[in-house]
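Below, each chain spelled out in residue letters.
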Amino acid sequence: KKIAIFASGSGSNAENIIQYFLSKPEISVDSVFCNVAEAYVLKRAEKYNIPTFLFNREDLKNQEKVLQILQERQIDFIVLAGFLWLMPSFIVSAFPNRIINIHPALLPHHGGKGMYGMKVHEAVIAAGEKESGITIHYINNQYDKGDPIFQARCPVEAGETPESLAKKVHALEYAHFPRVIEEILQNLKS
Ligand code: GRF
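These figures come from a predicted structure and were not determined experimentally.

### Here we look at the overall build of the protein
For step 1, the next point in the chain: What the protein contains, in helices and strands, is 7 helices and 7 strands.
For step 2, the next point in the chain: Starting at the N terminus and ending at the C terminus, the protein contains elements arranged as β-α-β-α-β-α-α-β-α-β-α-β-β-α.
For step 3, the next point in the chain: Computed over its C-alpha atoms, the radius of gyration of the protein comes to 16 Å, within 12% of the 16 Å expected for a compact globule of 190 residues.
For step 4, the next point in the chain: C-alpha atoms of the protein, sized along the principal axes, occupy 50 × 35 × 35 Å.
For step 5, the next point in the chain: Once local pairs closer than 6 in sequence are excluded, the contacts in the protein between residues at least 24 apart make up 66%.
For step 6, the next point in the chain: Carbon and sulfur atoms make up 52% of the accessible area of the protein, which amounts to about 9,400 Å² in all.
For step 7, the next point in the chain: In the protein, 20 positive and 21 negative side-chain charges are present, and the distance between their average locations comes to 1 Å.

As structure tokens, then:
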């Protein structure tokens, strides 16, 4: 099974997933797609000789470029790991129930639509939540609204800062994301 990872930033989740599947013959990270030229995730992929594809909003709009590469490479599954744009509906339709995302909070959560990064942790703390965590969910055509697959929780303690909460949430991401992907792919009807 071949995974394509979409990411926009540092790519610590992407690297964690790449490493996890290095020891699993059935599943591999085939390629990394990115919309930010200087994103560190590109450097991480290159370390493992994984092909990277950089695209911009224009490419994503004209359906040929990105979708064609995904189909040519016979990608079975798409993982969003810190990808900050909405997946275009033509890609979502071409990969029904085959695109998942990880959100660094317990959806449905407080805060504005499509928040990301520190803003999510700030919103959780500002809302006085007693816990936060991660939500892994399918992608559909509404941002962060796809069917939930897995959640893991961590406490929000007195004096919690967005940075300290981010650290706990990242730990949950690294502990669970690769295994959840593996479980889905093992049950995927080819
Ligand atoms: C993670 O916190 C993930 O939950 C969110 O974006 C962040 C990506 O971090 N979707 P990284 O680029 O994997 O380090």
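### Description of the site of the ligand
For step 1, the next point in the chain: Near the ligand the following residues occur: Ser10, Gly11, Ser12, Asn13, Gly82, Ile102, Pro104, His170 and Glu173.
For step 2, the next point in the chain: Within the backbone of Gly11, one N or O atom sits 2.7 Å away from an oxygen atom of the ligand.
For step 3, the next point in the chain: Residue Asn13 places a main-chain N or O atom 2.8 Å away from an oxygen atom belonging to the ligand.
For step 4, the next point in the chain: Expressed as a share of its isolated accessible area of 360 Å², the protein-covered part of the ligand is 83%.
For step 5, the next point in the chain: Those elements that provide at least two residues to the shell around the ligand are α1 (12-22) and α7 (162-187).

### Overview of the side chain of Asp59
For step 1, the next point in the chain: Inspection of the secondary structure assignment puts Asp59 in helix α3 (residues 57-61).
For step 2, the next point in the chain: Note on Asp59: relative accessible area 14%, which makes it buried.
For step 3, the next point in the chain: There is a polar contact of 3.4 Å between the side chain of Asp59 and the side chain of Lys65.
For step 4, the next point in the chain: Beyond its immediate sequence surroundings of up to four residues, Asp59 is in contact with Leu54, Lys65 and Val66.

### Some words on the environment of Ser132
For step 1, the next point in the chain: Mapping Ser132 onto the fold places it in strand β6 (residues 131-138).
For step 2, the next point in the chain: C-alpha of Ser132 to C-alpha of Leu107: the two residues are 25 residues apart in sequence and 9.4 Å apart in space.
For step 3, the next point in the chain: Beyond its immediate chain neighbours, meaning those up to four positions away, Ser132 contacts Pro104, Ala105, Leu106, Val124, Ala152, Arg153, Cys154, Val156, Leu165 and Val169.

### Concerning the packing of aromatic side chains
Any pair of aromatic rings gets described here by the distance separating the centres and the angle formed by the planes.
For step 1, the next point in the chain: Going through the model one piece at a time under the given rule, you end up with 8 aromatic pairs.
For step 2, the next point in the chain: Aromatic side chains Phe6 and Phe83 sit 5.4 Å apart centroid to centroid with 80 degrees between the ring planes, which places their arrangement in the edge-to-face category. One end of the pair, Phe6, is in strand β1 (residues 2-7); the other, Phe83, is in the loop between β4 (77-80) and α5 (89-94), with 77 residues separating them in the sequence. A single burial state applies to Phe6 and to Phe83, both of which are buried.
For step 3, the next point in the chain: Aromatic rings pair up to connect Phe6, Phe33, Phe53, Phe55, Phe83 and Trp85 into one cluster.
For step 4, the next point in the chain: Across the ring face of Trp85, the terminal group of Arg57 is positioned such that the distance to the ring centre comes to 3.9 Å.

### What about the UniProt feature "active site" (unreviewed entry) in the protein?
For step 1, the next point in the chain: Taking the numbering used here, the UniProt-annotated feature "active site" (unreviewed entry) corresponds to His103.
For step 2, the next point in the chain: Structurally, the position occupied by His103 is in strand β5 (residues 99-103).

### Description of helix α4 (residues 64-72)
For step 1, the next point in the chain: Within the sequence span of α4, burial applies to Val66, Leu67, Ile69 and Leu70. Buried residues in α4, looked at end-on, bunch into an arc of 160 degrees, giving them a common side. Among the exposed residues of α4, those pointing more than 90 degrees away from its buried face are Glu64 and Glu72.
For step 2, the next point in the chain: In this fold, the buried residues of α4 make contact with β1, β2 (28-34), β3 (52-54), α3, β4 and α5.
For step 3, the next point in the chain: Gln74 sits one or two residues past α4 and shows a positive phi near 55 degrees.

Thresholds applied
Residues numbered from 1 in each chain as written. Predicted model: local features only at pLDDT ≥ 70, side-chain atom pairs only at ≥ 80, totals over all residues. Heavy atoms only, no water. Helix = DSSP H or I, 4+ residues; strand = E, 2+ residues; numbered from the N terminus. Rg over C-alpha atoms; globule rule 2.2 N^0.38 Å. Contact = heavy atoms within 4.5 Å. Areas by Shrake-Rupley, 256 points an atom, 1.4 Å probe, with all protein chains shown as cover. Lys, Arg positive; Asp, Glu negative; His and termini not counted. Charge placed at Lys NZ, Arg CZ, Asp CG, Glu CD. Near = heavy atom within 4 Å. Polar contact = N/O pair within 3.5 Å; in protein donor to acceptor, adjacent residues only side chain to side chain. Buried < 20%, exposed > 50% of the residue type's maximum accessible area, 1.4 Å probe, protein only. Phe/Tyr/Trp six-rings, centres within 6.5 Å; stacked < 30°, edge-to-face > 60°. Lys NZ or Arg CZ within 6 Å of the ring centre and 35° of its normal. UniProt positions renumbered as here; feature names shortened; annotations may be inferred. Arc of directions from axis to C-beta.

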